[in-house]
Amino acid sequence: MPVSGPGRETALVTNVQRFSVHDGPGIRTTVFFKGCTLRCAWCQNPETISRAVELSVDVDRCLSCRACADACAPGAIETRAPDGIDRDRCDGCGECVEACPSGAISSIGRRMTAAELVDELLADRAFFESSGGGVTLSGGEPVLQSKLLMELAPALRAEGIHVLLQTAGHYPFARLEPLLPHLDVLHFDFKLGDPARFASSTQGRLDVVEDTLRHTLRAHADVRVRIPLLPGQNTGPSVVAAIGARLRNLGVERVELLPYNGLWESKLSRLDTAQKPLGWSGTVDVERIRRDLAEDGVLATHSVVHP
Amino acid sequence: MSGPAMTPVRSTERITPSPTLVPSARLGRLRAAVLAAPYGICTTKAERLTEFLAARWGSGLTRALGHLHGRAFAAGLADQAAGRPLARWKSRLATAIVSASRSHELPNAEAIEQDLAEGLAHVLRNAPLRLYPDELIVGNASSRRVGAPLHPDYGGLLLAGELDTISTRPQNPLHLDESQRRALHERIVPFWARRSVLSTWSVYSDDPSLADELIDGRALVLTQIAGISHLTPDYPSVVRLGLRGLLAQIEARREAIDAASATHPSAAQRRQRSFLVAASTSLDAVVEHAHRWVAHLRDRARLEPTRADELLEAAAVLDRVPEHPARTLREGLQAVWLVHATIHAESFQHGVSFGRMDQYLFPLLEADFAAGRLDRAGAVELIGCFLVKAAELLPLFFDRATEYFSGLSSASGITLGGVAEYGRDASNELSLLFLEAYDQVRLRQPNLHVRLHPRTDPALKALAHRVISGGGGMPALFNDDAIRPALEASGLSVEEAADYAIVGCAEWGAPYRSFPAAGAIFLNLPALFLRALRDGRDEEGRTVGPRTGSAASFRDLDAILRAFVEQLRHLLRRAVRGNDAIELAHAEHRPTPLLSALVRGCVDKGRDVTRGGAQINTVGVQCVGLADLVDSLAALEHAVFAVDNAACTIEELIEALDRDFEGHEILRARLRSKSPRHGAGDASVDALTARVTRCIVDEVSRFRPARGGRCVAGLWCMTTHQGFGARTGALPSGRHAGAPLANGAAPAAGSRVEGPTGALASCAAVTGVPNGLVVNQSLAPSMVRAASGQRTLLGLVDGYFAMGGMQLQIDVLDPAVLRAARERPEAHRDLVVRISGYSAYFCDLTPAMQDEIITRAESAAGCR
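Residues numbered from 1 in each chain as written. Chains lettered and ligands numbered in written order. Predicted model: local features only at pLDDT ≥ 70, side-chain atom pairs only at ≥ 80, totals over all residues. Heavy atoms only, no water.

1. Observations regarding the overall build of chain A
Okay, step 1: Within chain A one finds 10 helices and 11 strands.
Okay, step 2: Here the C-alpha radius of gyration of chain A, 20 Å, is about what a compact globule of 307 residues would show, namely 19 Å.
Okay, step 3: Based on the C-alpha atoms only, the size of chain A along its principal axes is roughly 65 × 45 × 35 Å.
Okay, step 4: Within chain A, buried positions represent 50% of all 307 residues. (Helix = DSSP H or I, 4+ residues; strand = E, 2+ residues; numbered from the N terminus. Rg over C-alpha atoms; globule rule 2.2 N^0.38 Å. Buried < 20%, exposed > 50% of the residue type's maximum accessible area, 1.4 Å probe, protein only.)

2. What to know about the side chain of B:S469
All names here are of chain B.
Okay, step 1: When you line up the elements, S469 lands in helix α18 (residues 458–469).
Okay, step 2: Here S469 falls in the buried class, since its relative accessible area comes to 8%.
Okay, step 3: Among residues more than four places away in sequence, those in contact with S469 are V784, R785 and V812. (Contact = heavy atoms within 4.5 Å.)

3. What to know about the packing of aromatic side chains
Here a ring pair, both rings aromatic, is described through the centre-centre distance and the interplanar angle of the planes.
Residues and elements named next belong to chain B.
Okay, step 1: This model, assessed by the stated rule, comprises 14 aromatic pairs over all chains.
Okay, step 2: Through successive ring pairs, a cluster of aromatic residues spans F348, F397, Y404, F405, F522, W716 and F724.
Okay, step 3: Positioned over the ring face of Y132 is R145, at 4.1 Å from the centre of the ring.
Okay, step 4: Taking the ring centre of Y500 as reference, the NZ or CZ of R451 above it sits at 3.9 Å. (Phe/Tyr/Trp six-rings, centres within 6.5 Å; stacked < 30°, edge-to-face > 60°. Lys NZ or Arg CZ within 6 Å of the ring centre and 35° of its normal.)

4. Topic: the environment of B:G519
Okay, step 1: Mapping B:G519 onto the fold places it in the loop between β9 (514–515) and β10 (521–524).
Okay, step 2: A residue is classified by how much of its surface remains accessible, and B:G519, at 3% relative accessible area, is buried.

5. Concerning the packing of helix α1 (residues 25–36) of chain B against helix α15 (residues 376–390) of chain B
Residue and element names in this part refer to chain B.
Okay, step 1: Two numbers describe how α1 lies on α15: the axes approach to 10 Å, and their chain directions differ by 5 degrees. On the basis of the axis angle, α1 is roughly parallel to α15. Every residue of α15 that contacts α1 at R26, L27, L30 and V34 is listed here: V380, E381, G384, C385 and V388.
Okay, step 2: Of the residues that constitute the contact of α1 with α15, the class distribution is six nonpolar, one polar and two charged. (Axes fitted to C-alpha atoms, helices over the stretch in contact; angles between N-to-C directions. Parallel < 35°, antiparallel > 145°, perpendicular 65-115°, else oblique. Nonpolar A, V, L, I, M, F, W, Y, C, P; charged D, E, K, R; others polar.)

6. With respect to the packing of helix α9 (residues 237–250) of chain A against helix α10 (residues 286–295) of chain A
Residues and elements named next belong to chain A.
Okay, step 1: Taken N-terminus to C-terminus, the directions of α9 and α10 make an angle of 40 degrees; their axes are 9 Å apart at the nearest point. One element, α9, and the other, α10, form an angle in the oblique class. Taken as a pair, α9 and α10 cross one another with a handedness that is right-handed. Residues P237, V240 and G244 of α9 pack against R288, I289, D292 and L293 of α10.
Okay, step 2: Taken together, the residues of the contact of α9 with α10 sort by class into four nonpolar, one polar and two charged. (Left-handed = near helix turned anticlockwise from the far one by under 90°.)

7. Side note on the interface of chain A and chain B
Okay, step 1: Across the contact, 30 residues belong to chain A and 30 residues belong to chain B.
Okay, step 2: When the two sides are added together, the surface that chain A and chain B hide from each other amounts to roughly 2,300 Å², 61% of it contributed by carbon and sulfur.
Okay, step 3: Taken together, chain A and chain B are joined by zero salt bridges.
Okay, step 4: Linking chain A to chain B there are 10 residue pairs in polar contact (both at pLDDT 80 or more).
Okay, step 5: At the level of elements, β1 (10–20), α2 (95–99) and α4 (125–131) of chain A are the ones that each hand at least two residues to the side of chain A that touches chain B. (Buried area = accessible area lost by both parts, 1.4 Å probe. Salt bridge = Lys/Arg side-chain N within 4 Å of Asp/Glu carboxyl O. Polar contact = N/O pair within 3.5 Å; in protein donor to acceptor, adjacent residues only side chain to side chain.)

8. With respect to the pairing of strand β14 (residues 807–812) of chain B
Two faces make up the sheet, and in a regular strand the side chains alternate between them.
Residue and element names in this part refer to chain B.
Okay, step 1: Within β14, six of the six residues are buried, which leaves the element mostly enclosed by the surrounding structure.
Okay, step 2: Residue alternation in β14 divides its side chains into two sets, Q807, Q809 and D811 and L808, I810 and V812, and both sets are buried.
Okay, step 3: In the sheet, strand β13 (residues 776–779) pairs with β14 via four bridges, with the strands oriented parallel. Within β14, the position partnered with N776 by the bridge is Q809. (Pairing = 2+ DSSP bridges.)

9. Describing the confidence of the model for chain B
Okay, step 1: Averaged over every residue, the pLDDT of chain B is 91; the share at 70 or more is 95%.
Okay, step 2: Within the model, the stretch residues 1–17 of chain B combines pLDDT values under 50 with 52 contacts to residues more than four positions away or in other chains. (pLDDT = per-residue confidence, 0-100.)

10. Details of the environment of B:L30
Residues and elements named next belong to chain B.
Okay, step 1: Mapped onto the secondary structure, L30 falls in helix α1.
Okay, step 2: Relative accessible area serves as the criterion here: at 2%, L30 is assigned to the buried category.
Okay, step 3: L30 sits 606 residues away from L636 along the chain, and the two C-alpha atoms are 55 Å apart.
Okay, step 4: Not counting residues up to four positions away in its chain, the partners in contact with L30 are P133, D134, E135, R145, C385 and V388.

11. Things to note about the sheet that holds strand β6 (residues 134–138) of chain A
Residues and elements named next belong to chain A.
Okay, step 1: One open sheet accounts for nine strands, arranged β5-β1-β2-β6-β7-β8-β9-β10-β11; its pairing is mixed. The sheet is open, and its two borders are formed by β5 (110–113) and β11 (299–301), each paired with just one other strand. Going across the sheet, the axis of each strand differs from the next one's by a mean of 35 degrees, ignoring polarity.
Okay, step 2: Bridge analysis of strand β2 (residues 28–33) against β6 gives five bridges, and the strand direction is parallel. By the bridge assignment, R28 is partnered in β6 with G134.
Okay, step 3: Across the face of the sheet, helix α3 (residues 114–121) comes into contact with β1, β2, β5 and β6 while running at roughly 95 degrees to β5.

12. Comments concerning empty space enclosed by the protein
Okay, step 1: Inspection of the entire model under this criterion finds eight cavities of 30 Å³ or more.
Okay, step 2: Its volume calculated, the largest cavity comes out at about 180 Å³.
Okay, step 3: In this structure, the largest cavity is lined by 19 residues; those nearest its centre are B:T44, B:A127, B:N140, B:A141 and B:S142.
Okay, step 4: Broken down by class, the residue content of the lining of the largest cavity amounts to 11 nonpolar, seven polar and one charged.
Okay, step 5: Of the pockets and cavities examined, the second largest cavity occupies roughly 90 Å³.
Okay, step 6: What lines the second largest cavity is a set of 13 residues, and nearest its centre among them are A:L55, A:C72, A:C90, A:C93 and A:C96. (1 Å grid on protein atoms, 1.4 Å probe; cavity = no way out; pocket = protein on both sides within 12 Å on 5 of 7 lines; lining within 4 Å. Points joined across faces, edges and corners; volume = space filled by probe spheres on them.)

Quick look at the structure:
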């Protein structure tokens, strides 16, 4: 494991997703960093919450060959068990992943340096240039990796690549501040306007998010506040009114409404997580929400058609 | 005879995007009529040509023998169709009969040309003239609304064993009347059983097991038994000079020969002269046919007073063209269509293409606009009428060939856009109008191809996005900056390469002046790779290739690649010589004087196109299963040749392949999940792909066809990836025996790819290919129809082309719609999907091909 120092900084990355077309303009590659300061009940990327390498087990692909059990030094694998892994015993060595012939066990989280990331991200440079796209830094909470981002973002900008950061803002502004000059655009998630509700749904503090947003709006010219529409969680009239009031106080005049889907629930069975399926369904009255927000002087756009 | 190197483009200003046109009601009705028409077989040529030649060729005795031979021939074909190889003594006997009868039954070569030209005239003089409601462009490529001419002189007799079932076969049934069936059984099959290309080509082949190899259908398909095709006739000269102009050139050439050989013409001069006479006869026959139409339209105008004006105008147009130069867009389109239709009374309907129509017809559109005769909507309606005519034509495949060429496309290509002189953008108003017309018609053919380059007018790209978003995979997109250098490297001049047009599906080359035989040969790359693994033996242990060493002796990838190339070279030699034999049969038995009058070079040389008359000659060799080959090599590298951590020995691997991985599931899983693949954007595999491509292109280009010119490699497959795949054993990539091979240059089905950009970045490694390639990319409708869809789609195209990608076709598919179409085909008759380099109605596809399209759609839907 390299010690820290210039160029030695690493971060855990769960996925480098090429051809992302809903995370900013043009054709983009989105880097999902691992680790988050919030615990949203509706989190769409549960594998990005923990800051440690995790194992994902896809039971459907298991051939029951026992190669993983044979490779596991601490004896954490019992292939007769449904999920098969005793995660308390697992020391995260990754030998089982290497041994598994079918890819049923995979490890979530790759430790990467900025240089390695730049290398991988440049693979789609031609598409960024042809479509006005670029790189989106997402997560988890990417700002937790601010040291690495301080190497990565300038390096990408030096290559002429458009850099967008997606953040939930739940950290002291000082962590984000030095990074701002190296970002073209920020997508700032704002989910709830009521501190108590925010605390119960995300185990976080709304005042921290508001403080970061207030400073960020002053310090960066292109901050786009986005509200993910979470059916039944932040779509009711009173909840929307609370969001509208907060945003007005912060001086936010425009927001983007994001559609939400429950595809993440299929990931849960492969992870060791306390997150529970929500089974949300039903339609969201986007027009009503837009009207409610407009009453608070906040103009909402809803441009993404993808479900 | 030679025309300008490139049709000049006069428009220098940028195209102004114009508002979307109101759909034409006429085109809507024409579209519905073509979609509703049943498919049928046209035997006009078969019956008329046979009756004409039977009166000239052969004696009473041979006619009697003909019936016996015809019956034996049909029985042999039924065996072959079932995949049973013909007994060696039977094929020897057949060859002996054909050889013996050839010498005393056929006239000499000069007389054959003239007989066939007069035979064509007889066909065109007696062909029924079918006029359909609403059409403004008239002329029939067959006697049916949607029909397939049967060519008994080529490979049409392959249907001899299926005549009683073809109207009821499950896949693509084609209607055949009882009277047609009787004519075929009683007169046509017996006459051609000893005279067709199908029955004579083996006389010219010195490879006795080649026929078995072809019946086996595992490693090699030779298509030109079905007829010569896959070329772009000199339609610009038809439009600019008229057939009279071409006839004058032939006459001048004949006078020059006469002047030079007044006293003692040499044998060569006599041959040239007789060719020119036959070419004249053929063009005269087309002019005469046009005038039959004039009289017919005037008669019909009297009978149909409500449509009289329209019909009289059509008569006036045909009174002028194709005999004389076209002056209006309508005359230009009508001239091209009528000549195209008559070509198919002579030649097989596969890949006979239209060239750069937006270039050579543009002066006519300009003249119409300047004179105020036509507006954009009127032009779109005329072009739409032309496109509908092209969709009336079907190819004719016997049952087994349907597996290799599913979808019933006769694959006529129209090329739009591209560059003009000095690399200027050539796209113009007419390029847009062709796309607008296609957008309204949306039938399975013709194939629309758009050439792109960095200076292409944004309006054309925006419209291309709109048309592609509607689904169906058209237009296909071609990258000038990658294709022009590949063509120059294959021997074309800078001007010829800049003027390239697409023949058929994706075969780039010089139009109007070449006989590219672009679809002549298909080879199965993974089958050759398996032969290399098994020391020249096939999956059943028969020795079919050279001994290239036992697998145990291979220490690295280079060794196995060397063995593969040796196997490839061996099969290429057989394939090219086999194709030579077929072409020789064409040259000796079935020259094509009409087509030859319409390909530049033939008149100058005084030589038929089948005998090397074209200015440029090539033979296209399609190599199928590139991704399977690359993936298998990569799997060997990782699983067998890896220094540490090898999964198995090469012997264990071959053992697993022999058992189709039965009992070796874990090894198979490892091969599939652990080794990188084509399409995953892995730099080392992309380098391997580039190396293998280079190696194939170079190897093919070493071969020289007997007709002259060179062999050129292509990486497109129609549906041979299904036909070959069904006959190919398990592969080291983990692909099971019998599964389809990868389509064109695209990643193998089911490969985990890094999204469309990763897949296309890998495909950009496949470059420098001289005879075309196909890369299919499916996208979900929501992705391209969103507000940002144009940016996404064009960004994908432009990025891939900037990386050096040669060709791309984007099919916008909704898996739910496809599944619904399979459940209720009658409600989705008009659902057009992309197959390989062509499109087809989904409901016309084999079930296996439907599965493949649904899988593609599902993986596109999963790519969010």
